[in-house]
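This is what each chain is made of:
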Protein chains: 2
Amino acid sequence: MSNFVFRIEKSDTDSRARAGTFSTPHGDIPTPVFAPVGTQATVKTLTPDELYELDVKLILANTYHLYLRPGADPIARLGGLHRFMSWSGPILTDSGGFQVFSLESLRKITEEGVIFRSHIDGSEHFFSPEKSIAIQEKLGADIIMALDECPDPLDYEYNRIALQRTHRWAERCLRAHTRPDQALFGIVQGGIFPDLRSESVRFLTSLGFPGYAIGGLSVGETKEQTWQTLDVIVPLLPADKPRYLMGVGSAEDLFEGVARGIDIFDCALPTRLARNGALFTSHGRINLRKAEFREDPAPIEEGCTCYTCRHFSRAYLHHLFKAEEMLGLRLNTIHNLHFLLEWMRRIRAAILEGHFATLKAEFLSRYVPIADQDRQRSKELARRRGRIK
Amino acid sequence: MSNFVFRIEKSDTDSRARAGTFSTPHGDIPTPVFAPVGTQATVKTLTPDELYELDVKLILANTYHLYLRPGADPIARLGGLHRFMSWSGPILTDSGGFQVFSLESLRKITEEGVIFRSHIDGSEHFFSPEKSIAIQEKLGADIIMALDECPDPLDYEYNRIALQRTHRWAERCLRAHTRPDQALFGIVQGGIFPDLRSESVRFLTSLGFPGYAIGGLSVGETKEQTWQTLDVIVPLLPADKPRYLMGVGSAEDLFEGVARGIDIFDCALPTRLARNGALFTSHGRINLRKAEFREDPAPIEEGCTCYTCRHFSRAYLHHLFKAEEMLGLRLNTIHNLHFLLEWMRRIRAAILEGHFATLKAEFLSRYVPIADQDRQRSKELARRRGRIK
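Computed from a prediction, not measured in an experiment: that's the story for all the values here.

### Some remarks on the overall build of chain A
In terms of regular secondary structure, chain A is built from 16 helices and 16 strands. Over its C-alpha atoms chain A spans a radius of gyration of 21 Å, differing by no more than 12% from the 21 Å that the globule rule assigns to 389 residues. Counting across all 389 residues of chain A, residues that qualify as buried make up 51%. Relative to all contacts within chain A whose residues are 6 or more apart in sequence, the contacts with residues 24 or more apart total 67%.

### Remarks on the relation of the copies chain B and chain A
Between the two copies of the chain lies a relationship made up of a rotation around an axis and a movement along it. After a rotation of 180° and a shift along the axis of 0.0 Å, chain B superposes on chain A with an RMSD of 0.0 Å. These values place the two chain copies in the arrangement generated by a two-fold rotation axis. The position closest to the rotation axis in chain B is occupied by the C-alpha of B:Met326, lying 3.8 Å away. Interface overlap between copies: 100% of the residues of chain B at the interface are likewise at the interface in chain A, consistent with a symmetric, same-surface contact.

### Topic: the pairing of strand E15 (residues 278-281) of chain A
All names here are of chain A. The pairing of E15 with strand E16 (residues 284-287) spans four bridges and is classified as antiparallel. By the bridge assignment, Thr281 is partnered in E16 with Gly284. As consecutive antiparallel partners, E15 and E16 are separated by two residues.

### Considerations on the sheet that holds strand E7 (residues 107-109) of chain B
All names here are of chain B. Spatial ordering of the open sheet is given by E7-E8-E9, a layout of three strands whose pairing is antiparallel. At either margin of the open sheet sits one strand with a lone partner, and together these are E7 and strand E9 (124-127). Between one strand and the next, the sheet's axes are offset by a mean angle of 20°, whatever the strand orientation. Where strand E8 (residues 114-117) and E9 come together, four bridges link them in antiparallel fashion. Paired with Val114 across the strands is Phe127, a residue of E9.

### Some details on the sheet that holds strand E2 (residues 18-24) of chain A
Note on sheets: strands pair through backbone hydrogen bonds, and any given pair is parallel or antiparallel. Residue and element names in this part refer to chain A. On the basis of which strands lie adjacent, the open sheet formed by three strands has the order E1-E2-E3 and antiparallel pairing. For this open sheet the edge positions go to strand E1 (5-11) and strand E3 (27-31), each flanked by a neighbour on one side alone. Neighbouring strand axes in the sheet, compared pairwise and without regard to direction, differ in orientation by 15° on average. Pairing analysis gives six bridges linking E1 to E2, with the strands arranged antiparallel. Looking across to E2, one finds that Phe6 is bridged to Phe22.

### Some thoughts on the packing of helix H7 (residues 156-176) of chain B against helix H8 (residues 194-207) of chain B
Between two packed helices, both the angle of their axes relative to each other and the distance between the axes serve to describe the pair. All names here are of chain B. Running from N to C, H7 and H8 point in directions that differ by 10°, and their axes come no closer than 11 Å. With respect to H8, the element H7 is oriented roughly parallel. On H8, the residues touching Asn159, Arg160, Leu163, His167, Ala170, Glu171 and Leu174 of H7 are Leu196, Ser200, Phe203, Leu204 and Leu207. Considering only residue class, the contact of H7 with H8 consists of seven nonpolar, three polar and two charged.

### Comments concerning the interface of chain B and chain A
Taken together, the contact between chain B and chain A spans 31 residues of the former and 31 residues of the latter. Looking at the side of chain B that touches chain A, the elements with two or more residues in it are helix H3 (72-77), helix H4 (81-85), helix H13 (314-322) and helix H14 (326-353) of chain B. Here the side of chain B that touches chain A is built from residues that sort into 16 nonpolar, eight polar and seven charged.

### So, the nonpolar core
Counting residues in each nonpolar core, the largest one holds 214 residues, and the members touching the most others are A:Ile59, A:Phe185, A:Leu254, B:Ile59, B:Phe185 and B:Leu254. Not counting residues within four places of it along the chain, the set of residues in contact with B:Phe185 comprises B:Ile143, B:Met145, B:Ala146, B:Phe209, B:Gly211, B:Tyr212, B:Ala213 and B:Tyr244.

### Looking at the packing of helix H6 (residues 129-139) of chain A against helix H7 (residues 156-176) of chain A
Residues and elements named next belong to chain A. Between H6 and H7, the least distance of the axes is 8 Å, while the angle of their chain directions is 40°. Accordingly, the angle class assigned to the pair H6 and H7 is oblique. Here H6 runs over H7; the crossing is right-handed. In this structure, H6 uses Pro129, Glu130 and Ile133 to contact H7, whose residues at the interface are Trp169, Arg172, Cys173 and Ala176.

### Let's talk about H6(A)
Residues spaced three or four apart along an α-helix face the same direction, because each turn holds 3.6 residues. Residue and element names in this part refer to chain A. In terms of residue burial, H6 counts as a mostly covered element, since nine of its eleven residues are buried. Taken as a whole, H6 has its buried residues at Pro129, Lys131, Ser132, Ile133, Ile135, Gln136, Glu137, Lys138 and Leu139. Residue Gly140 follows H6 closely and has a positive phi angle near 85°.

### Quick notes on the environment of A:Glu111
Residue and element names in this part refer to chain A. Here Glu111 shows up in the loop between strand E7 (107-109) and strand E8 (114-117). Looking at Glu111, the number of C-beta atoms within 10 Å reads 8, which means it is exposed. With 255 residues separating them in the primary sequence, Glu111 and Arg366 have C-alpha atoms 49 Å apart.

### Some thoughts on the domain arrangement of chain A
Residues and elements named next belong to chain A. Considered domain by domain, chain A is made up of domain 1 (5-267) and domain 2 (284-384). Centre-to-centre, using C-alpha coordinates, domain 1 lies 27 Å away from domain 2. The interface is formed by 28 residues belonging to domain 1 together with 23 residues belonging to domain 2. Within the residue set of the side of domain 1 that touches domain 2, elements represented by two or more residues are E1, E2, strand E4 (33-35) and helix H10 (251-259). At six residues, the largest contribution of residues to the side of domain 1 that touches domain 2 is made by H10. Here the residues of the side of domain 1 that touches domain 2 are counted per class, giving 15 nonpolar, four polar and nine charged.

### Some points on unusual backbone geometry
The peptide bond linking B:Thr31 to B:Pro32 adopts the cis configuration, its omega dihedral lying at 0°. Position of B:Pro32 among the secondary structure elements: in the loop between strand E3 (27-31) and strand E4 (33-35). Between B:Arg69 and the following residue, B:Pro70, the backbone shows a cis peptide bond with an omega angle of 5°. By the secondary structure assignment, B:Pro70 is in the loop between helix H2 (63-68) and H3. Notably, A:Glu324 is not glycine yet its phi reads approximately 55°, a positive angle. We note that B:Ser218 has phi near 65°; this positive angle belongs to a residue other than glycine. Tracing the chain through its elements places B:Ser218 in the loop between strand E12 (212-214) and helix H9 (223-233).

### Topic: the environment of A:Pro36
Residues and elements named next belong to chain A. Considering the arrangement of structural elements, one finds Pro36 in the loop between E4 and helix H1 (48-53). Distance from Pro36 to Ile120, taken between C-alpha atoms, is 24 Å for residues 84 residues apart in sequence. Aside from chain neighbours lying at most four places away, what touches Pro36 is Val43, Val56, Ile59, Thr271 and Leu337.

### Some remarks on the confidence of the model for chain A
Atomic detail in the predicted coordinates should be set aside for any region of low pLDDT. The share of residues in chain A with pLDDT of 70 or more is 94%, and the mean pLDDT across the chain is 94. Note on the complex model: pTM 0.95, ipTM 0.95.

What counts, and where the lines are drawn
Residues numbered from 1 in each chain as written. Chains lettered and ligands numbered in written order. Predicted model: local features only at pLDDT ≥ 70, side-chain atom pairs only at ≥ 80, totals over all residues. Helix = DSSP H or I, 4+ residues; strand = E, 2+ residues; numbered from the N terminus. Rg over C-alpha atoms; globule rule 2.2 N^0.38 Å. Buried ≥ 20, exposed ≤ 12 C-beta atoms within 10 Å, placed from the backbone. Contact = placed C-beta atoms within 7 Å. Least-squares fit on C-alpha atoms with pLDDT ≥ 70 in both. Pairing = 2+ DSSP bridges. Axes fitted to C-alpha atoms, helices over the stretch in contact; angles between N-to-C directions. Parallel < 35°, antiparallel > 145°, perpendicular 65-115°, else oblique. Nonpolar A, V, L, I, M, F, W, Y, C, P; charged D, E, K, R; others polar. Core = buried A, V, L, I, M, F, W, Y, C linked by C-beta atoms within 7 Å. Left-handed = near helix turned anticlockwise from the far one by under 90°. Domains from an automatic or database assignment. pLDDT = per-residue confidence, 0-100.

Right, here's the structure in full:
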């Protein structure tokens, strides 16, 4: 019997949303799920105990970073990634492809693989599909990814050519993979182009992966294009396998992604924003650096049950940020992760109880997305300057 | 009845060590006690919950830093330092004097007070005894300090003159102090000079403070001079008042200080060393940055019960340090504080049970102090190079 069972508990009637459970050797993952990013074998600033307290069900670690430092072999000798970082829950590793193709340093792509230079010391390295799988087997995550090429989503010709190579690499990854306690996901590519995306889904599903990731989105296209592309891909994917939308994780995008049938999300943005002092509330983002919070005795969000909001005022967090105290980065990270995880739990409960559409409408009616906030601020500033009546 | 009661439970027969309890409005402090430093209203990297978990009984905050940022008035309006930083235990604030007299920026000392420039923005400020007390009353710590002048401990003439001013300032601090829920300590000065130290104790004890701090030590004199000076001061202090040795806090110094009758210690070194990767063990300090720890599966110290040692290997901590991950600074801080606090608890238990001398001898026989470690390393290197047979 497989180590990995995906059970759908409830499918929404108004959308493609579904609530389920993905069982892994390190525990069950209730879906839809948001996975915080632990690039270098640590979700920045937090201990595993804090992640358990936040009820995190899955974390992501980066193969590219861990391969370079401390190396996959040392981690394997130390008992694998779970023991190394003392995290007993499920882990997902990416293939390293996204980082390598994002590097500014010289690289060469051949049929065999990709040559790149380390961002740490400039040393030259080579990733092939087989090498990526070997590294991910040494790291020992529960869910691992096939190596894919990551082109600009708007460049049809590059996507058309890269897609064929990505498909051949997916086959090689499947052949190279040996560990039965790891689920190897294929990655759908093809930019914003319906014909390429459809072809990609058809090819990958013919190989029969235990789950499918959707790559190459949220990297330059408009939000409308993201959702339209999902509407092409998802109906072609098998209903009984988990679907993972890579690199997407703002609250409004979780609602939109779930409505389009996505089960797994990851994103470094919530934790990165936290370290920049940008904090989530149900009405949109606030920026802690602003002088208006200097003596504000309120928590980040009234009624929030996270450790930060239960104990500290905006004034204290503002002080910690201004004084460049690390505790502030921790407390901000706890809040932003709690916010996303809590909304994801509410989303799942709403699907199970049959009122996901209502929850989504309510949330989006109150929430001012980031881009709109910027637009409103510009308008307000312009109005103050007398440019708009 | 006073808010502050100091009860001595046991006095050692072989030394001046004693175990007691100092009661404050925010709880009882078992003595001897080590107070971690929370300069800017945070013990760097840690939450109050972690401090409770470490069984911290007293923390120190810096008046100079908090006066400049966020300011004493905002903290007062936000309910005082305890509420501001969400710490419910006892707090001690210094007078700001030590920082001001350590500043490289321009300053002017008069009978009235001291003029200095902010290290943050260069703005000019003035501290008088009355101002220091007013600020400390706004901050609202349980134990506060008189403003003193802090000369080079080896400069007799400067100490002689400064001491008279420090004594006049101590009188002014007493007159200015109004809050009955704060214990104002006088600070004994006089460098390494027995006549000045004796004079200082005689003068301050004639004013009748609820506790006495010993300043101007561990700032340039030899260890021998530190302990000789304590041997002059302590016998002249009243036995029934707590004694606080400022800025001393290595494990070996805690043993030596307790043996000489000290009840309260504070020091930023253990937390600062932790952030530099220098970690305490019963055999001396280890430096996590060294390549020898790259694949070391052992905890920092075998048998240590701190969160860090219960969950993480030296290899993981080495990785976090190399990868510049903030979690590493936290985990190191937790270990170093646990080490000092745990030894202080053992010291107190040993005094109560009558075997402090044995514990001290055992500890010092195993422990290689920092300076000796450096000397041993130099010898070893010299030996390897063939310079010593």
